[in-house]
Amino acid sequence: MTAFFVLSYLAGGLTYIDMYRRPYSEWEHADRDRGHWAMVGLMSVIGLGVFFGIAYLMMVVPRFGGPANAGGGHGFGRNDFMK
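Only a predicted model underlies this, so the values are computations on that prediction, with no experimental measurement involved. (Residues numbered from 1 in each chain as written. Predicted model: local features only at pLDDT ≥ 70, side-chain atom pairs only at ≥ 80, totals over all residues. Heavy atoms only, no water.)

Once that is clear, we can look at the pattern of salt bridges. This model, assessed by the stated rule, comprises three salt bridges. One salt bridge in this structure joins Asp18 and Arg21, with 3.1 Å as the shortest N-O distance. Linking Asp18 with Arg21, this pair stays in helix H1 (residues 2-21), spanning three residues, or about one helical turn. Residue classification places Arg21 among the partly exposed positions, given a relative accessible area of 39%. Ionic contacts of the salt-bridge type, sharing partners, join the residues Asp18, Arg21, Arg22 and Glu26 into one network. (Salt bridge = Lys/Arg side-chain N within 4 Å of Asp/Glu carboxyl O. Helix = DSSP H or I, 4+ residues; strand = E, 2+ residues; numbered from the N terminus. Buried < 20%, exposed > 50% of the residue type's maximum accessible area, 1.4 Å probe, protein only.)

What follows is about a nonpolar patch on the surface. Together, Met1, Phe4, Phe51, Ile54, Met58 and Met59 give the surface a local cluster of nonpolar side chains, amounting to about 690 Å² of exposed area. Examining the composition of the nonpolar patch, we find that four residues originate from one element, helix H4 (residues 49-59), more than from any other. Counting through the fold element by element, Ile54 comes out in helix H4. In this structure Ile54 comes out as partly exposed when scored by relative accessible area, which is 43%. (Patch = residues over 30% accessible without salt bridge, like charges linked within 9 Å, V, L, I, M, F, W, Y side chains within 5 Å. Areas by Shrake-Rupley, 256 points an atom, 1.4 Å probe, with all protein chains shown as cover.)

And the structure:
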């Protein structure tokens, strides 16, 4: 059971890293709400990070154009980070 929670935290953490390295403008263009997905991601704390990661990969990442377009080729500033 402990390995499952470790995997859940790892999956949730990696998903959060991917979420916050994308600029807010990319989220708007993909018609997705980063704040909503951040709140859903809190499920990682109770062991549902694996499912959160799968849902994120299936429902959000394809809207960005896939992992190859991650980051959009431009950085994000302080104002863009917590929108």
